[in-house]
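# Reading the structure
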Amino acid sequence: MTTAERVNPSSLPGFDDAIARFEPVMGMEVHVELGTATKMFCGCSTEFGGDPNSQVCPVCLGLPGSLPVVNGTAVESAICIGLALNCDIAEWCRFARKNYFYPDMPKNFQVSQYDEPIAFDGWLDVTVPGADATAEPDVYRIGIERAHMEEDTGKSLHVGGATGRIHGASHSLLDYNRSGIPLIEIVTKPIEVPPAVAPAVARAYVTELRELIKALAVSEARMELGQMRCDANVSLRPVGTTAFGTRTETKNVNSMRSVERAVTYEVRRQAAVLTEGGSIVQETRHWHEDTGETTAGRAKEEAEDYRYFPEPDLVPIAPSREWVEQLRTTLPEPPAARRARLQAEWGFTDLEMRDVVNAGAMPLIEATITAGADAAGAKKWWLGEISRTANERGTALEDAGITPADVARVEELVAAGSLNDKLARQVVEGVLAGEGAPDVVVEARGLAVVSDDSALGAAVDDAIAANPDVAEKIRGGNMGAVGAIIGSVMKATQGQADAKRARELIIERLGG
Amino acid sequence: MSGTEHGLVGRTAAELATSIASGEVSAVEVTQAHLDRVDAVDGPAESGVHAFLHVDADGALAAAADVDARRAAGERLGPLAGVPLALKDVITTSDMPTTAGSRILDGWRPPYDATIARRLREADVVVLGKTNMDEFAMGSSTENSAFGPTRNPWDMTRIPGGSGGGSAASLAAYEAPLAIGTDTGGSIRQPAALTGTVGVKPTYGGVSRYGLIACASSLDQAGPCARTVLDAALLHSVVAGHDALDATSIDQPVPDVVGAARRGAEGDLTGLRVGVVKEFGGEGYQAGVEARFNDAVAQLSKLGAEVVEVSCPNFVYALPAYYLILPSEVSSNLARFDAMRYGLRVGDDGTRSAEEVMNRTRGAGFGAEAKRRIMLGTYALSSGYYDAYYGQAQKVRTLVARDFEAAFGRVDVLVSPTTPTTAFPIGERVDDPLAMYRNDLCTIPSNLAGNASASFPCGLADEDGLPVGLHVMAPVLADDRLYRVGAALEQAYAGSWGGLLLNQAPELKESAS
Ligand SMILES: [Zn+2]
């Protein structure tokens with residue numbers, strides 16, 4: 001980033017000012033790593049986190065003489081994604097070579113699809129909240145241009161430079177474990193929506209696409225692991241005109257929130273340039289999560305000619321119509337329909353459901369309910385204690401260290417009176433800390449509610465004896481004073497007393 | 001002189017296999033005899049045949065000893081068990097270097113075996129070493145090898161053809177009874193013609209390409225080279241067949257090529273319809289080549305074949321189309337040689353970027369012909385030119401395939417000379433790429449269409465006394481027809497030649513090594 005490209009964000013027009021003069025047109029390109037057991041063109045494992053270059057073979061290292069063979073499961077996943085996006089599935093298509101030199105690409109060409117994608121011409125409906133809390137949410141239909149298959153590249157690690165970028169680095173390390181992992185690239189048609197909601201629509205599209213991919217179980221689509229990567233194209237045109245302006249492509253915008261922020265920033269930046277009489281350079285831009293800015297990358301006019309041609313080492317793919325239709329029958333309930341159904345079943349408000357979805361808690365809550373908990377209880381834990389811990393640790397909810405079955409068990413113990421709220425929180429805390437399943441934590445920490453009458457009765461007797469004045473008030477009919485004795489009992493039992501039973505015992509002794 | 005005068009190295013692969021199987025001779029003796037012959041005639045690189053880039057004497061003798069031990073233990077062995085073979089250096093081998101004739105791969109030892117190499121091992125064939133070739137199989141003379149040319153045993157001042165000149169010369173010099181070649185535009189057939197040996201390009205997809213360092217993926221096909229038709233058939237049946245590691249490999253039974261060779265040797269071609277390709281002959285064809293070709297056609301007729309003339313009008317466009325498709329694929333296939341992971345690395349002194357090191361390495365590592373084709377291909381695939389060049393060439397390819405289809409509706413096989421001329425002197429055409437490219441005029445159509453073709457010896461040209469080849473083309477998956485025709489011709493000529501044509505080759509000087 002040179003200083004000349006630096007823009008002072010505070011000098012940019014506000015978003016509302018920008019869209020008063022310009023309308024954004026967006027295009028989203030999303031790469032999804034498929035969750036197949038093996039790579040796109042060889043038998044190597046796709047497991048994440050192996051030692052560098054431990055999951056490689058002659059094929060994914062592009063050694064001389066090696067040849068690719070298509071992973072059938074990846075083709076199946078691609079077709080399912082295409083169908084779920086309401087696309088046509090090609091009756092015949094080919095892979096193509098995209099030729100360019102880069103050290104993390106072992107063949108110096110990427111096997112991709114060019115003018116013959118496996119899926120094309122579809123759509124996805126996305127929902128954004130209405131103008132105010134009471135308004136109905138708005139639904140926008142996003143056109144899907146194409147979904148195609150390709151192989152991932154390896155990874156470069158530049159050592160010795162200040163920022164991990166190649167500039168200034170003394171040397172680079174290459175890891176080819178990721179080389180050849182199957183990718184699906186999903187490209188939208190131009191997205192033209194009311195300017196005010198454009199950033200929210202971009203975010204909603206990526207969110208909805210991710211839900212869809214997860215529902216199809218073709219990928220975990222975890223953006224923080226790079227399993228789903230988003231490039232956002234943005235151009236502006238003066239309000240009231242129809243021709244598209246020059247676009248920029250902001251690369252690797254890798255969270256839902258960043259998608260919204262990056263689009264907002266580009267709209268403001270481009271509006272500033274255009275307002276000052278400048279013109280937009282067609283280029284790729286880098287997104288900076290920390291500053292919320294984009295900076296210029298490679299200018300497109302110097303972009304390479306990829307010299308695509310059909311990959312001669314592979315035969316065309318011609319999915320039979322019978323196979324496609326058979327796959328269509330295996331598609332899961334669309335995420336939007338599923339959300340609506342679950343919201344109704346659980347009795348959540350729109351706002352509550354939105355929180356659940358945004359937290360990524362829906363499948364966890366569903367599993368918790370299946371395991372026996374009620375909807376409110378399940379929501380309370382996943383959006384409360386567990387969300388907090390996950391946020392603190394920077395992990396996904398499902399990786400926080402507690403299972404839906406654990407949560408259901410805690411709720412079961414509460415319902416049975418074995419735990420009160422305070423103890424239940426301690427149990428969840430223990431499970432999250434890795435101390436074991438709820439019953440193990442209860443046992444180890446000695447957290448069971450004291451409800452057996454002899455132990456609790458003794459504590460009650462002690463409390464009454466220690467507070468004769470209060471006891472007198474209760475005897476005199478002042479039931480409001482019972483709380484003070486309960487408090488004393490709880491203190492003596494370190495909070496483990498069953499408060500309800502303690503009240504009964506106190507009244508038995510003093511009120512009878 | 002006749003092959004039998006050479007002792008063990010003069011025997012055919014079929015004879016050797018029988019002798020080894022019966023215990024008359026051991027595989028170790030056979031292997032040692034061939035290694036001795038290599039020692040005697042192959043070096044030095046400046047004046048010997050120079051068919052081999054690498055000889056693995058220890059490995060070959062160990063493999064032979066293993067065959068002998070298992071035979072002694074009563075184990076059942078393959079039909080070519082213990083027979084030595086010369087492997088073109090474009091096929092990866094985990095126990096020997098593999099260079100593809102290029103400086104850029106000098107010293108590279110692949111971590112894996114090509115499917116062909118694996119099948120040869122499984123069949124107990126003894127691999128003697130790796131043979132010389134034009135760099136990345138680009139050339140028709142072996143002069144494009146980074147390691148110096150191979151010489152033609154018929155005349156050591158002449159080229160043996162290419163790119164598989166090393167494999168063909170090793171046969172003609174009795175250094176090996178069998179060899180593997182690869183054929184992208186004629187690299188098996190043209191050297192066979194120029195050395196008086198047999199070379200077969202199987203149907204595309206008939207032999208796995210896994211481990212064959214690609215020249216042009218859609219054209220490359222490995223196949224057998226031998227001194228006799230039966231030997232070629234035996235080798236063909238060992239290496240052919242479906243391979244799950246090659247997506248373009250054909251999942252169908254291998255045609256019965258050995259049976260076809262044996263039936264053909266009975267000398268009866270009654271009922272066979274032979275088409276003479278009208279477009280291949282006349283201007284640019286050496287008189288002696290045309291004379292021997294006409295003799296061969298007459299011979300086929302005498303054997304009972306019905307001969308007609310067939311026009312394949314698009315064959316004349318095959319050469320220019322080939323020189324667009326091939327460089328296009330080459331430009332992409334050779335991109336991986338970038339100094340990052342294996343092979344040559346030039347200029348990496350810690351001061352240069354990866355891109356500079358890559359450029360220097362490619363500049364130093366590739367020869368002139370490789371660079372020429374990389375540039376041609378890069379240009380042909382460039383946006384704005386793709387349709388006019390690559391796209392148009394693919395249309396010609398379809399038209400050539402249609403010519404074949406139409407012709408094979410009328411005849412069973414097509415014939416032409418294999419090459420327009422006999423072997424030319426070393427150095428004569430190195431500065432004239434177009435003259436060099438014309439060598440493959442007759443052989444290229446079969447690479448574009450993917451059908452099976454072969455070259456069989458059909459005599460010596462009167463003007464220079466050098467071998468001429470008969471080119472036989474058969475439909476896709478009808479490889480067996482080639483063997484029937486080749487074996488019939490071989491048997492018919494045996495009387496007048498006193499055995500194989502190769503018996504008329506001059507004796508090579510053995511060095512006193
Ligand atoms: Zn691999």
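Residues numbered from 1 in each chain as written. Chains lettered and ligands numbered in written order. Predicted model: local features only at pLDDT ≥ 70, side-chain atom pairs only at ≥ 80, totals over all residues. Heavy atoms only, no water.

## Remarks on the overall build of chain B
To be explicit about the condition: Each helix corresponds to a stretch of at least 4 residues labelled H or I by DSSP, and each strand to a stretch of at least 2 residues labelled E; elements are numbered beginning at the N terminus. Restricting the calculation to C-alpha atoms gives the radius of gyration, and the globule rule supplies 2.2 Å times the number of residues raised to the power 0.38. Relative accessibility thresholds used throughout: buried, under 20% of the residue-type maximum; exposed, over 50%; partly exposed, between the two (1.4 Å probe, protein chains only). Note on contacts: a residue pair is in contact if any heavy atoms of the two residues lie within 4.5 Å. A 1.4 Å probe and the Shrake-Rupley method give the accessible areas. Residues count as covered only by the protein chains that appear here. Positive charges are assigned to Lys and Arg, negative charges to Asp and Glu, while His and the chain termini are left out of the count. Charge coordinates come from a single atom per side chain, which is NZ of Lys, CZ of Arg, CG of Asp or CD of Glu.
Broken down by element type, chain B carries 16 helices and 11 strands. Its C-alpha radius of gyration of 21 Å places chain B within 12% of the 24 Å reference for a compact globule of 513 residues. Along the three orthogonal principal directions, the C-alpha set of chain B runs to about 65 × 55 × 45 Å. Classification of the 513 residues of chain B by burial places 63% in the buried group. In chain B, of all internal contacts separated by at least 6 residues, the share reaching a separation of at least 24 is 77%. Carbon and sulfur atoms form 51% of the exposed surface of chain B, whose accessible area is close to 16,800 Å². Separation of charge centres in chain B, based on 42 positive and 62 negative side chains, amounts to 4 Å.

## Observations regarding helix α8 (residues 257-264) of chain B
Where burial is concerned, most of α8 of chain B is hidden: 6 out of the 8 residues are buried. Packing partners of the buried residues in α8 of chain B comprise α7 (229-239) and α16 (479-497) of chain B.

## Examining the domain arrangement of chain A
A common way to state how big an interface is: give the accessible area lost once the parts meet. Selection rule: Throughout the structure description, domain borders are defined by an automatic or database domain assignment.
Considered domain by domain, chain A is made up of domain 1 (3-308), domain 2 (335-445) and domain 3 (453-510). Each of domain 2 of chain A and domain 3 of chain A has a C-alpha centre, and the two are 33 Å apart.

## With respect to the pattern of salt bridges
This is how the line gets drawn: For this analysis, a salt bridge means a side-chain nitrogen from Lys or Arg found within 4 Å of a carboxyl oxygen belonging to Asp or Glu.
What the rule picks out here adds up to 60 salt bridges over all chains. A salt bridge links R70 of chain B to D66 of chain B, with the shortest nitrogen-to-oxygen separation between them at 3.1 Å. Residue R70 of chain B and its partner D66 of chain B are both found in helix α3 (residues 57-72); the two are separated by 4 residues, about one turn of the helix. Residue D66 of chain B is classed as partly exposed on the basis of its relative accessible area, which comes to 36%. Among the charged side chains, a network of salt bridges with common partners joins R97, E311 and D313 of chain A together with R209 and D246 of chain B.

## Some remarks on the side chain of Q113 of chain A
Residues and elements named next belong to chain A. So the rule is basically this: Under the rule applied, a polar contact is a pair of N or O atoms within 3.5 Å (in protein, one hydrogen donor and one hydrogen acceptor; residues adjacent in sequence only if both atoms are side-chain atoms).
Mapped onto the secondary structure, Q113 falls in the loop between β4 (109-112) and β5 (119-128). Within the local environment of Q113, its side chain forms a polar contact with the backbone nitrogen of M149, the two atoms lying 3.1 Å apart. Apart from residues no more than four positions distant in its own chain, Q113 is found in contact with C93, R94, F95, A96, I118, R146, H148 and M149.

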